[in-house]
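Structural overview for review
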Amino acid sequence: ICTQALHWKTKEGLVRGCACRGTAGLVHVSCLAEQAKILVAEALENNLDAKAFDERWRRWGRCSLCEQEYHGVVRCALGWACWKTYVGRPETDEPRQCAMNLLACGLQDAGHYEDVLLVYEAELSMFRRLGGFEGDLLVTQSNLACVYQSLGRLEEALRLKRDVYSGRLKLLGEEHRDTLISGHNYASSLVTQERFEEAKALQRKMMPVARRVLGDSDDITLKMRFGYARAFYKDKGATLDDLRECVTTLEETERTARRVFGGTHPTTVDTERALQSARSMLAVREIVAAPNPMTLAELGVELEGDDGELLDGGTKVEFCIDPPPGSREV
């Protein structure tokens with residue numbers, strides 16, 4: 001992709017933002033942007049069909065070698081490059097609308113949530129003004145709900161995610177990828193609001209569909225399995241069997257994510273952290289449930305507060321212990 005000689009004057013640094021191993025994953029952001037510009041321009045000039053255009057447009061957000069989406073600051077930089085390329089086009093122009101969405105996704109991936117909110121609100125207003133398709137409105141509303149979640153506006157996020165999931169079920173059916181994404185987002189909000197049984201029931205309904213339609217290695221399937229496990233270890237009322245199932249699910253998910261996406265991908269990193277927390281939680285619960293449990297001091301584990309945080313190798317786990325009758329106090 002890169003022509004190294006073009007960058008010795010600007011001293012532009014190399015970045016890595018996909019799952020490519022070795023030097024294949026090192027590129028210049030400007031080279032990625034130039035590649036995408038050329039491919040999209042060819043599609044527009046030759047009036048290629050929608051499928052061909054979509055394949056070329058994906059180069060703005062997806063690696064041409066490993067076919068994984070860029071993430072983090074690389075995605076954010078490409079979002080800005082894409083927006084600057086097409087911002088001068090009319091509002092009704094498809095590349096301009098796609099560029100606005102790509103900019104918002106990049107800003108969100110880099111954690112600039114207040115800026116993301118402004119972009120999505122402008123996008124939603126534009127679609128309503130232009131009389132956009134219901135599917136376009138649902139996409140933007142779904143994105144807005146995720147931003148509300150990141151900004152701590154949890155009730156607004158939950159209501160909007162529920163409405164989007166319901167709308168996509170009616171419009172697209174349960175097997176469509178967008179419906180599965182909406183269902184996953186809705187379940188995540190249910191977990192955040194501590195409505196664990198509702199979340200688990202929804203996830204049990206969707207996971208077999210995702211595995212059948214998308215496959216076990218798809219990013220959405222992996223995120224669903226991660227979300228299902230999260231509903232267990234966040235629930236203070238989870239049983240030992242629940243926590244064991246949670247750890248098993250996260251172990252399988254982490255192995256698959258590491259094989260497919262590599263060790264630095266957000267899905268892999270998030271799953272690994274959750275696995276550490278779940279293992280710590282399970283260890284504490286097994287200690288308490290044992291006939292002659294050891295104290296935390298005997299195990300060399302530090303506990304802060306009555307209902308505090310277990311500090312085990314740098315992992316923090318919120319929990320509350322109620323010792324069974326007759327056992328030693330922990």
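Residues numbered from 1 in each chain as written. Predicted model: local features only at pLDDT ≥ 70, side-chain atom pairs only at ≥ 80, totals over all residues. Heavy atoms only, no water.

Moving on, we come to a negative patch on the surface. Residues Asp49, Asp54, Glu55 and Glu94 make up a contiguous surface patch of negative charge. Within the secondary structure, Asp49 sits in the loop between helix 1 (29–45) and helix 2 (50–57). (Patch = residues over 30% accessible without salt bridge, like charges linked within 9 Å, V, L, I, M, F, W, Y side chains within 5 Å. Areas by Shrake-Rupley, 256 points an atom, 1.4 Å probe, with all protein chains shown as cover. Salt bridge = Lys/Arg side-chain N within 4 Å of Asp/Glu carboxyl O. Lys, Arg positive; Asp, Glu negative; His and termini not counted. Charge placed at Lys NZ, Arg CZ, Asp CG, Glu CD. Helix = DSSP H or I, 4+ residues; strand = E, 2+ residues; numbered from the N terminus.)

This brings us to unusual backbone geometry. A positive phi is found at Asn47, a non-glycine position, where the angle reads about 50°. With respect to the element layout, Asn47 can be found in the loop between helix 1 and helix 2. Residue classification places Asn47 among the exposed positions, given a relative accessible area of 68%. If you check the backbone angles, Glu67 has positive phi at about 65° while not being a glycine. (Buried < 20%, exposed > 50% of the residue type's maximum accessible area, 1.4 Å probe, protein only.)

What follows covers the side chain of Asn185. With respect to the helices, strands and loops of the structure, Asn185 is situated in helix 8 (residues 177–192). Those residues within four positions of Asn185 in sequence are excluded, and the remaining contacts are Ser142, Cys146 and Lys161. (Contact = heavy atoms within 4.5 Å.)

This part is about the state of the cysteines. Summed over the entire model, instances satisfying the criterion amount to zero disulfides. Cys98 takes part in no disulfide bond, and the closest cysteine sulfur, belonging to Cys82, lies 8.0 Å away. (Disulfide = S-S within 2.5 Å.)

All told, the structure shown has six aromatic pairs when counted by the stated rule. On the basis of an interplanar angle of 45° and a centroid distance of 5.3 Å, the ring pair of Trp57 and Tyr86 is categorised as tilted. Here Tyr86 lies in helix 3 (residues 72–86) and Trp57 lies in helix 2, a separation of 29 residues in the sequence. Assessed through its relative accessible area of 4%, Tyr86 is described here as buried. Here the aromatic rings of Tyr228 and Phe232 are separated by 5.1 Å at their centres, their planes lie at 90°, and the arrangement is edge-to-face. Residue Tyr228 and its partner Phe232 are located together in helix 10 (residues 219–233), separated by four residues, close to a single helical turn. (Phe/Tyr/Trp six-rings, centres within 6.5 Å; stacked < 30°, edge-to-face > 60°.)

Bringing the pattern of salt bridges into the picture now. Applying the stated rule across the entire model yields 21 salt bridges. The partner of Arg258 in a salt bridge is Glu272, and the shortest N-O contact between them spans 3.2 Å. Here Arg258 is found in helix 11 (residues 240–261), whereas its partner Glu272 is found in helix 12 (residues 266–289), with 14 residues between them in sequence. With a relative accessible area of 34%, Arg258 lands in the partly exposed category. Look at the salt bridges and you will find they share partners, linking Glu197, Lys200 and Asp235 into a network.

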